[in-house]
Amino acid sequence: MLNDQQVNALTDQEAEESRKKYGSNALTPPEQSSFWAELWDTFRGDALIRILTVALIITVVFAIVGVGDWLEAVGIAIAVALATTVSTYSEYSNNQLFQKLQDEYSKIMCKVFRKRDGQVQVRDLKIDEIVTGDFVLLQAGDKVSADGVLVSGEIKVNQASLNGESEDAKKAPAPAGYQYDETKVDFLDPCKVYRGSVVTSGEAVMEVKCVGDKSQFGRLASELKEDEERESPLKVKLGKVADAISRFGYIGGTLIAIAFMLNCVFFTPTLLPGAASYFSGANLMQILRDLVASITLAVVIIVVAVPEGLPMMVALVSGLNMKKLLKDNILIREIDGAETAGSLNILFSDKTGTITKGALQVTSFISPEDKEYTDYTAIPQKLQEMLLINICGNTNAIALVSGGALQVTGGNATERALHQFVGVEGTLAYETYKLSCADRLMFNSANKYSASLLTGGKLDRAIIKGAPEKLLAHCTRYYDENLEVHPLTDQVRAALEARMSQLSEKAMRVLAFATSDNRIGEHLLQDMTFVGMVGIRDELRPEAVEAIRTAKRAGIQVVMVTGDKKETAAAIARDAKLIESPDDLTLTSDDMAAMSDEELKKALPHLRVVARALPTDKSRLVRVSQELNLVVGMTGDGVNDAPALKKADVGFAMGSGTEVSKEAAEITILDDNFNSVVKTVLYGRTIYNNIRKFIVFQLTINISAVLIALIGPFLGMGTPLSVTQMLWVNIVMDTLAALALGGEPALDRYMDEKPKRRDESIISKNMWSSLLVMGIYLTAASLLFLLHPFFQGLFRADGQMIYQGHDIYFMTGFFCFYVLSAMLNGFNARTDKVNIFDNITQNRMFLAVMGLIAVVQVLMTFVGGSILRTAPLTASEWGVVVLLSLVVLPVGTLRKLVFPQKAE
């Protein structure tokens, strides 16, 4: 326990004065790129934009010398600027939102001693709220929050982030007269601890000496670099799709340029028909005009066809879903984490606090004579005192009595439950014993016990707490109610083992206590004296059962990994409906150790529970599963869980866990709830499906636009869509559609889908049917609109003849028909259901964006003029355009009926 001399806790007023005098513990954030800087990077870094800019410059030069069209040059410039600006702003705003939420929810929480009304309390404060002079409790898994010196306890810290050394450094309290020098950086100083280092074992109290930018970490912060971002499976798939479409675009652009020139030579000659006449010296300037026009058209076709925004869709859609995820207590720490979660095949989950509530409660104490006490005060006094010493003298938790109430901070859930069991009365009584700890052995999964060597008036021996089967096996004696020692006979041992089994079968955790006359070391466990054991209940989360059922429905194998006994773990797994079949398998760590990797791979499909698990077991399970080409998820909260969280395809850290585990994981579950883990899978599948919808919408336009531009010249129609018109179409499909379809809701039916294989193409058979049918329909409908006299007769013929003998009103009608048809096809693309309005009210952004496209398209007819080759239409002409555009909806519905969605 700590005394007032060791911890001179600050009041809130003193803390504020310290902050004013020495500064805040907040680090100056790194300088972030401005919107204008990112816009410039887009212009500078996008090869297609550079090519288009070159084409623009050539067009301007020819316009200056009188052989080019100024209006076309202006149109290209406006379209390029608008497309790039909208795209950059969309990505920039979503990245800003992501970073803001990360900063808000990723602040490290620290256990700080503060004084209020004369009473010292341990408070959870954000790292930025710590000030010079504060006393901070450091425990295994914590990240040191500031520079300082230890005043109590001993710890080992990893300082690799500061000095590159992987070996842990031991730290101990500063001796009397120790002088702290903040200008001297010495990582080998046994008393100094530095911000950014990680506590790997032990427990200590640090007095803060240096905060914020003045700390060593603060001085190094500007030089620290993040690891390179890993590409997720979906990004790899999108990259492959983008490359394939790019090849299509480059080939199509080249063919269209050739077709355009052939049209100029043979179909629309400016002099006499024939190539000889066209290439005569008198036609040189026209040749140059046509050549520039063909190159510009080819570049625009490439810009339209190549989905340069496709790989960034993961970030865009994830950003749009960030707030939705946070409402469900899911913090995405790496932006690719959620979409990868949607492809999980197998999920290894902790039990305590995830599948169970984590609100542990000691329900009974079993004495060595097999007597059960459900209340601490009912235990005979002498045995009660021994149990109290075993609980309070061998713990990482700090128990304080403030205002007559017990406040327990730190430690794990089990230790906090034990302190609550002894209550205020026990805590105050222990403080009078004046015991001191001469040596300590921290709990680890391999030993399955912890120990403290106590000295003082009440006791002078080691106390041990741990797994009952481990301790009982090494006990040769036991205490009776009066603390008299008796031999632990086979009969007594059998009775205790039977009681252990009864408690385990009731899904209760059992913890045993013993004492040893040996010092902490190799012979500690020899000839121990048994004190007793407690039964600890951890209620199953009601929602966990339904969440596990949902995960199974989604094709995800859930495996519970726990440190509990096999019987306890199996009982909880049955209650949670993890074990439902005789073929379902429960293994212990020892069972796994006896199996080869090949044997474990064969057993893996039936595995449901791993009991008495070690951290190394988690890493092995991840490795073996990935060797089977499975997408693996892992939950964890401790220091030792970090390697497995890092190795897994998706690591889920618990919000109450250590900072080390949170940094290793892609996702933090803020409420520690398994239900939230399963919701992450749903959101991941939603992101994946929304990107698929975007691909269908975008590629349908790509296919039709390229085919129209390619076939048009051979039918004597030239290029029905002008350069600036196609650039406007590119804006619609590249950015606005991403915003519209990126907000599609998370639907429960996505959990009926099978997990996506790593090698599975992102474009499914159903998507191909949609792309080909709707792409061919848009192409055929557009060509029919242009070629059949009936449609031309529906528009006025008293305007300017602007293209291939067609009136400007007719060509405006065609442009609007094409854009509105493509827009309305978004209703087909957003759902596989026949009902195109399925869940439409859950994505109001879709309706808003589609409405915006329609309104702007109408405005284009008034203000586009010669740049966009448009003119205002009458009400009757708009009626024709709208009615013809609506035909795309029944065509899409018919396709769904003929080619229904099949389970993949």
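Note that the structure is predicted; figures quoted are calculated from it, not measured.

Trainee: I'm lost on the pattern of salt bridges in this one. Help?
Mentor: Per the counting criterion, the structure on display carries 38 salt bridges. Two residues, D748 and R553, come together in a salt bridge whose shortest N-O distance is 3.1 Å. Linking D748 in the loop between α24 (723-742) and α25 (765-787) with R553 in helix α16 (residues 542-553), this pair joins segments that are 195 residues apart in sequence. For R553, a relative accessible area of 34% gives the class partly exposed. We note a salt bridge from E744 to K693, for which the minimum N-O separation is 3.7 Å.

Trainee: What is the right way to read helix α12 (residues 381-392) from this model?
Mentor: Since the α-helix turns once every 3.6 residues, residues separated by three or four places project in the same direction. Taking 1.5 Å per residue as the helical rise, α12 with its 12 residues ought to reach 16 Å, and the 16 Å between its terminal C-alpha atoms agrees with that figure. For α12, the buried fraction is high: 9 of the 12 residues fall into the buried class. All of the buried residues in α12 are L383, Q384, M386, L387, L388, I389, N390, I391 and C392.

Trainee: Just to check I follow, could you spell out the environment of E484 for this structure?
Mentor: Mapped onto the elements, E484 comes out in the loop between β18 (475-479) and β19 (485-487). E484 gets classed as partly exposed once you look at its relative accessible area, which sits at 47%. Contacts of E484, omitting those with residues within four sequence positions, involve Y478 and Y479.

Trainee: Can you walk me through the pairing of strand β24 (residues 607-611) in this structure?
Mentor: Residues in a regular strand point their side chains to alternate faces of the sheet. For β24, a buried count of 5 out of 5 residues is recorded, marking the element as mostly surrounded by other parts of the structure. Bridge analysis of strand β22 (residues 557-561) against β24 gives 2 bridges, and the strand direction is parallel. Bridge pairing in β24 places M560 opposite V609. As judged from the 4 bridges shared by strand β23 (residues 585-588) and β24, these two strands associate in the parallel manner. Pairing of L587 across the sheet is with V610, part of β24.

Conventions we followed
- Position numbers for residues start from 1 in each chain and track the written sequence from start to end.
- For a predicted model such as this one, the threshold for reporting local features is a pLDDT of at least 70, and the threshold for listing and counting side-chain atom pairs is 80 or more; totals across whole chains, interfaces and linings nevertheless cover every residue.
- Only hydrogens and water are set aside when side-chain values are computed; all heavy atoms of the structure are taken into account.
- Salt bridges are identified by distance alone: a Lys or Arg side-chain nitrogen within 4 Å of an Asp or Glu carboxyl oxygen.
- Only DSSP runs of H or I covering at least 4 residues are called helices, and only runs of E covering at least 2 are called strands; the numbering of each starts at the N terminus.
- Burial classes: relative accessible area under 20% of the type maximum marks a residue as buried, over 50% as exposed, and values in between as partly exposed (1.4 Å probe, protein chains only).
- Here the expected length of a helix is defined as 1.5 Å per residue gap, with one fewer gap than residues.
- Contacts were defined at the residue level, with two residues in contact if any of their heavy atoms lie within 4.5 Å.
- Any two strands between which DSSP finds at least two bridges are classified as paired.

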